[in-house]
Amino acid sequence: MASSATATTSSATPAHNFQGGTVNWSSPEQLQGSAHTLTTRSDTWSFGMTVFELLEDREPFADSPNVWLAITADAPMIPTPVGVRAEVAFLVPLFSDCCKKVPTDRLSDDAILDRLSR
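Throughout what follows, the structure given in this document is the object of discussion. It should be emphasised that the depicted structure is a prediction, and the values quoted were computed from it without experimental measurement.

What follows is about the packing of helix H3 (residues 40–56) against helix H6 (residues 109–116). Running from N to C, H3 and H6 point in directions that differ by 35 degrees, and their axes come no closer than 10 Å. Counting all contacts with H3, which are made through Thr-40, Thr-44 and Phe-47, the residues of H6 involved are Asp-109, Ile-112 and Leu-116. Grouping the constituent residues of the contact of H3 with H6 by class yields three nonpolar, two polar and one charged.

A word on the pattern of salt bridges. For the coordinates displayed, the defined rule picks out seven salt bridges. Of the charged contacts, one joins Glu-29 and Arg-106 as a salt bridge, the two residues approaching to 2.8 Å between their closest N and O atoms. Here the residue Glu-29 occupies a position in helix H2 (residues 28–31), and Arg-106 occupies one in the loop between helix H5 (91–98) and H6, the gap between them amounting to 77 residues. Ionic pairing is found between Arg-85 and Glu-87, a salt bridge with its closest N-O pair at 2.7 Å. Where salt bridges share partners, they join Glu-56, Arg-58 and Asp-63 into one cluster.

Glancing now at unusual backbone geometry. We note that Asp-57 has phi near 60 degrees; this positive angle belongs to a residue other than glycine. Structurally, the position occupied by Asp-57 is in the loop between H3 and helix H4 (67–72).

On to the packing of aromatic side chains. In total, this model carries one aromatic pair according to the counting rule given. Centroid distance Phe-52 to Phe-95: 5.5 Å. Interplanar angle 40 degrees. Geometry classified as tilted. Note that Phe-52 is positioned in helix H3 and Phe-95 in helix H5, a separation of 43 residues in sequence. When its relative accessible area of 0% is taken as the criterion, Phe-52 is described as buried. Residue classification places Phe-95 among the buried residues on the basis of a relative accessible area of 2%.

The rules we used
Residues numbered from 1 in each chain as written. Predicted model: local features only at pLDDT ≥ 70, side-chain atom pairs only at ≥ 80, totals over all residues. Heavy atoms only, no water. Axes fitted to C-alpha atoms, helices over the stretch in contact; angles between N-to-C directions. Helix = DSSP H or I, 4+ residues; strand = E, 2+ residues; numbered from the N terminus. Contact = heavy atoms within 4.5 Å. Nonpolar A, V, L, I, M, F, W, Y, C, P; charged D, E, K, R; others polar. Salt bridge = Lys/Arg side-chain N within 4 Å of Asp/Glu carboxyl O. Phe/Tyr/Trp six-rings, centres within 6.5 Å; stacked < 30°, edge-to-face > 60°. Buried < 20%, exposed > 50% of the residue type's maximum accessible area, 1.4 Å probe, protein only.

Purely geometric numbers; function is a separate question.
Dropping the structure here:
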């Protein structure tokens, strides 16, 4: 997986203030170099992308020609999980609620734990 993520990262458009991480899992604010705005909600985005990878068995944005643009656009082009097995379908709304453009619209850590403990 790491070599594939590295290849995808190299095709992305770099920002001057990028704060590190793997592009496909990085939040919009992280890719835009907004270090002063990084919070646990930035981690929530990355968690959501990890949920997507678990649901789909592929990297988020794997089909996107420009991952950077897909994530940082005014309306991010969030991938949609398809063909999800019934026993894990409850994770689809969790994924969606973790990957909102505006960080304060994303789930908090406590809200994620609450959903997973149901």
